[in-house]
Amino acid sequence: MSKRADASKCGGVVVEFESEDIRDARVKKGISIPGSALIYLKGPKFLIYVSGALSMWGDRMWHFAISVFLIELYGRNLLLTAVFGLVVAGSVLLLGALIGDWVDRNPRNKVAHASLFIQNISVTVCSVVLMLVFLYKKRIEQIWDGWLTVVCYTVVIVLADVANLASTALTIAIQRDWIVVITGYNRGHLAGMNATMRRIDQVTNILAPLAVGQVMTLASNVVGCGFILGWNLVSLIVEFFFLSRVYRIVPALSIKPPLTEEDQAQVYLQRMERRGSQEGDDVAQPQPQTDGNCNTSLHLKEIKDLPLCFRRFRWLVSTCKDGWRAYYRQPVFLAGMGLAFLYTTVLGFDCITTGYAYTQGISGSLLSVLMGISAITGLMGTVMFTRLRKTYGLVNTGIISSCLHLGCLLLCVCSVFAPGSPMDLSLLMPPVSPNSTTELGGMLSQRQKHTYPLRGGSNQPLLPDRSSIHWTNNTLLFDNVPSGTAPESYISIILLFLGVITARIGLWSFDLTVTQLLQENICESERGVVNGVQSSMNYLMDLLHFIMVISAPQPQHFGILVIISVLFITTGHIMYFLYAHKAKRKPRLDT
């Protein structure tokens, strides 16, 4: 104290003491920056991001590769790919509610670990089977008069479907439940995590199929299978470790809400059913006679009269029914249905739209560039979502995104009637006379001047997973566009892709809006089953768009599919507008 008092009399010394204090503060500040970065890297958000990136990367590689593998296995034919698509969509459609119910009724760590293990092991075993089939295909075709080949194809499709179901369960658990708990139900943090996860999804949506496609092109399909096998084994270990650490450092994840009275009664029925199956005709302990117990005992008596297989089937049906009822009861039901209706569309970068573009003279290299631009606009949609939500609120963000999405899709409608469009409605009408048939043939030949046949495009996957990037199949399955011919006009195809690319800004912003509405407004005990039903609805509406394409497969019909798609999308956004109207009206009625 005396030294400091003496130093205060001398100006220079005082300055020296002050500079040391400032220097200490700067040192502390310099230390705090890497310290905070280290804390973030060890935090739950970063671990979830890394785990999600690994999982998404593996999913994108696998969904792309399995479509190509199935085509190569079946003699460059679409049958196996179509069967795989139908099996995947049908299984999620039927089992979505059961998967969600399983997520709700089990501890979070067990759900995540079981889903992760089943998914990666299924892909690993499937990759081993594919490697053996590619290596010894001729020998396998000679065993059991070729029936061993059918068995191998069945095993591949079943294992791939199991992996997809496990991936659905993992997505529901992590992106619909864990994230909500990790953010502490903070809407701002929740929006940020949702947007970041979607950006990761957009980036992997581009790079992962490119990576495995290059491996398959430069090496072979067997090496591609080995690459996917190794990736899944490494990813399984890393994701398991990261998710376990997140579960440990976030205590709220170990707490699940108590079951409701209905759930308790259902659990009681299940326990009594198991006890009855184990003890045979033994009589249970007497319980106090209440209205609930009387109803339960009567219901148990009815259940015990049925065989065990029928009892389990009845429970599965009742679980599915209760899941769909719970979905219908949600206040965000219309918003979820609106999002599902957006899946019935050909206006996306899947095999259908890219195949149509190929018939209109667009090369594979140009399609790859357009796909990259669409990824950038998708990232812009995630950025727009976070900013709009802060400024206008979540519900209004959905309204703005809907208007932007519909406005951009009007360009696609204009492309149907623009110069260069191959649409010919006369093809839908049967000829009425030989003369009319001749005239129709002449008109068709004139309209098809700018429509190119798909040389290798017939091998393009028909029913692939919507999340993959199937334009990369052009490097493997598509020949170059015929030289010496050119379309009459590129205006139609330019308007089409301009609308599709710009519409992704509003599309992804709207998707994030509905996703967060589902996260915020669904009670924790029903979060899994409701999101499982939402996945089922998405796959159902996705199947409708493939049925549309099967009904009108020619390039001359694509304009009709575009108009139908815009009508479905408009219907989905109208549903959201109705939800927004009710959501805004409710606070007024409460006041």
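Please read these numbers as outputs of a predicted model, since none were measured by experiment. (Residues numbered from 1 in each chain as written. Predicted model: local features only at pLDDT ≥ 70, side-chain atom pairs only at ≥ 80, totals over all residues. Heavy atoms only, no water.)

Examining the packing of aromatic side chains
The final tally for this structure, using the stated rule, is 10 aromatic pairs. Both rings, one in phenylalanine 341 and one in phenylalanine 568, keep their centres 5.9 Å apart while their planes meet at 35°; by these two values the pair is tilted. Placement of the pair is phenylalanine 341 in helix 13 (residues 333–341) and phenylalanine 568 in helix 21 (residues 558–590), with a sequence separation of 227 residues. Given a relative accessible area of 23%, phenylalanine 568 falls into the partly exposed group. Aromatic pair tyrosine 356 and phenylalanine 558: ring centres 3.9 Å apart, planes at 10°, arrangement stacked. On the criterion of sequence distance, the pair formed by tyrosine 356 in helix 14 (residues 351–359) and phenylalanine 558 in helix 21 is long-range, its members being 202 residues apart. Residue tyrosine 356 is classed as buried on the basis of its relative accessible area of 9%. By relative accessible area, which is 5% here, phenylalanine 558 ends up buried. (Phe/Tyr/Trp six-rings, centres within 6.5 Å; stacked < 30°, edge-to-face > 60°. Helix = DSSP H or I, 4+ residues; strand = E, 2+ residues; numbered from the N terminus. Buried < 20%, exposed > 50% of the residue type's maximum accessible area, 1.4 Å probe, protein only.)

Some thoughts on the packing of helix 13 against helix 20 (residues 527–551)
Two elements in contact, helix 13 and helix 20, have axes separated by 8 Å at closest approach and are oriented at 35°. Relative to helix 20, the crossing made by helix 13 is right-handed. Of the residues in helix 20, those in contact with Gly336, Met337, Leu339, Ala340 and Phe341 of helix 13 are Gln534, Met537, Asn538 and Met541. Broken down by class, the residue content of the contact of helix 13 with helix 20 amounts to 6 nonpolar, 3 polar and no charged. (Axes fitted to C-alpha atoms, helices over the stretch in contact; angles between N-to-C directions. Left-handed = near helix turned anticlockwise from the far one by under 90°. Contact = heavy atoms within 4.5 Å. Nonpolar A, V, L, I, M, F, W, Y, C, P; charged D, E, K, R; others polar.)

Concerning the state of the cysteines
Applying the stated criterion to the full structure yields 0 disulfides. In this structure cysteine 414 is not part of a disulfide, and its nearest cysteine sulfur, from cysteine 412, lies 9.0 Å away. Exposure remark for cysteine 414: the relative accessible area of 44% places this residue in the partly exposed category. (Disulfide = S-S within 2.5 Å.)

Considering the environment of threonine 183
Inspection of the secondary structure puts threonine 183 in the loop between helix 7 (147–182) and helix 8 (187–218). According to the relative accessible area criterion, threonine 183 is buried, its value standing at 6%. Remark: the alpha-carbon pair of threonine 183 and methionine 193, spanning 10 residues in sequence, is separated by 8.2 Å. Among the polar contacts listed, one links the side chain of threonine 183 to the backbone oxygen of valine 180, at a separation of 3.0 Å. (Polar contact = N/O pair within 3.5 Å; in protein donor to acceptor, adjacent residues only side chain to side chain.)

Considering the confidence of the model for the chain
Interpretation of this model should avoid reading the predicted coordinates in detail wherever pLDDT is low. With 72% of its residues at a pLDDT of at least 70, the chain reaches an overall mean of 76. Counting interchain partners and residues more than four positions distant, the pLDDT-below-50 stretch residues 26–31 has 0 contacts. In this model, residues 267–300 is a region of pLDDT below 50 whose contacts with residues beyond four sequence positions or in other chains number 22 contacts. (pLDDT = per-residue confidence, 0-100.)

Comments concerning the environment of phenylalanine 385
With respect to the element layout, phenylalanine 385 can be found in helix 15 (residues 364–392). Here the alpha-carbon distance between phenylalanine 385 and glycine 192, two residues 193 residues apart in the chain, equals 9.3 Å. Apart from residues lying up to four places away in sequence, phenylalanine 385 is in contact with Ala191, Ala195, Leu394, Thr397, Ser509, Leu512, Thr513 and Gln516.

Quick notes on the pattern of salt bridges
For the structure on display, the rule yields 8 salt bridges. The shortest N-O distance in the salt bridge between glutamate 520 and arginine 187 comes to 3.5 Å. Of the two residues, glutamate 520 is situated in helix 19 (residues 491–521) and arginine 187 in helix 8; the sequence distance between them amounts to 333 residues. Bridged by salt links that share partners, the residues Arg108, Asp177, Glu524 and Arg527 form one connected network. (Salt bridge = Lys/Arg side-chain N within 4 Å of Asp/Glu carboxyl O.)

Re unusual backbone geometry
The backbone of tyrosine 185 shows a phi angle near 60°, a positive value even though the residue is not glycine. With respect to the helices, strands and loops of the structure, tyrosine 185 is situated in the loop between helix 7 and helix 8.

As for the nonpolar core
Counting 63 residues, the largest nonpolar core has Val346, Leu347, Leu496, Phe497, Phe558, Val562 and Tyr576 as the members making the most contacts within it. Ranked by residues supplied to this core, first place goes to helix 19 with 11 residues. In this view, tyrosine 576 contacts Leu334, Ala335, Leu394, Val395, Gly398, Ile399, Ser402, Phe510, Thr513, Val514 and Leu517; residues no more than four positions away in its chain are not counted. In terms of nonpolar packing, the next biggest core, distinct from the first, is built from 42 residues, Ile66, Ala169, Ala208 and Cys225 among them. (Core = buried A, V, L, I, M, F, W, Y, C linked by side-chain atoms within 4.5 Å.)

Structural notes on helix 16 (residues 394–417)
With 24 residues, helix 16 extends 36 Å between its outermost C-alpha atoms, agreeing within 8% with the 34 Å of an ideal straight helix rising 1.5 Å per residue. Turning to helix 16, its buried residues are Leu394, Thr397, Gly398, Ser401, Ser402, His405, Leu406, Cys408, Leu409, Cys412, Ser415 and Val416. (Expected span 1.5 Å × (residues − 1).)

Let's talk about a nonpolar patch on the surface
Side chains of Ile143, Trp144, Trp147, Val150, Val151 and Val155 sit close together on the surface and give an oily, nonpolar patch of about 590 Å² of accessible area. Inspection of the secondary structure puts tryptophan 144 in the loop between helix 6 (137–142) and helix 7. Residue classification places tryptophan 144 among the exposed residues on the basis of a relative accessible area of 57%. (Patch = residues over 30% accessible without salt bridge, like charges linked within 9 Å, V, L, I, M, F, W, Y side chains within 5 Å. Areas by Shrake-Rupley, 256 points an atom, 1.4 Å probe, with all protein chains shown as cover.)

Some thoughts on the side chain of serine 167
Tracing the backbone through its elements, the reader meets serine 167 in helix 7. Assessed through its relative accessible area of 10%, serine 167 is described here as buried. Those residues in contact with serine 167, other than ones at most four positions away along the chain, are Asp59 and Gln119.

What to know about the packing of helix 7 against helix 20
Between helix 7 and helix 20, the least distance of the axes is 10 Å, while the angle of their chain directions is 130°. The orientation of helix 7 with respect to helix 20, classified from their angle, is oblique. Two packed elements cross with a definite hand, and for helix 7 against helix 20 that hand is right-handed. Residues Asn164, Thr168, Ile172, Arg176, Asp177, Val180 and Val181 of helix 7 pack against Arg527, Gly528, Asn531, Gly532, Ser535 and Tyr539 of helix 20. For the contact of helix 7 with helix 20, a count of residues per class yields 4 nonpolar, 6 polar and 3 charged. (Parallel < 35°, antiparallel > 145°, perpendicular 65-115°, else oblique.)

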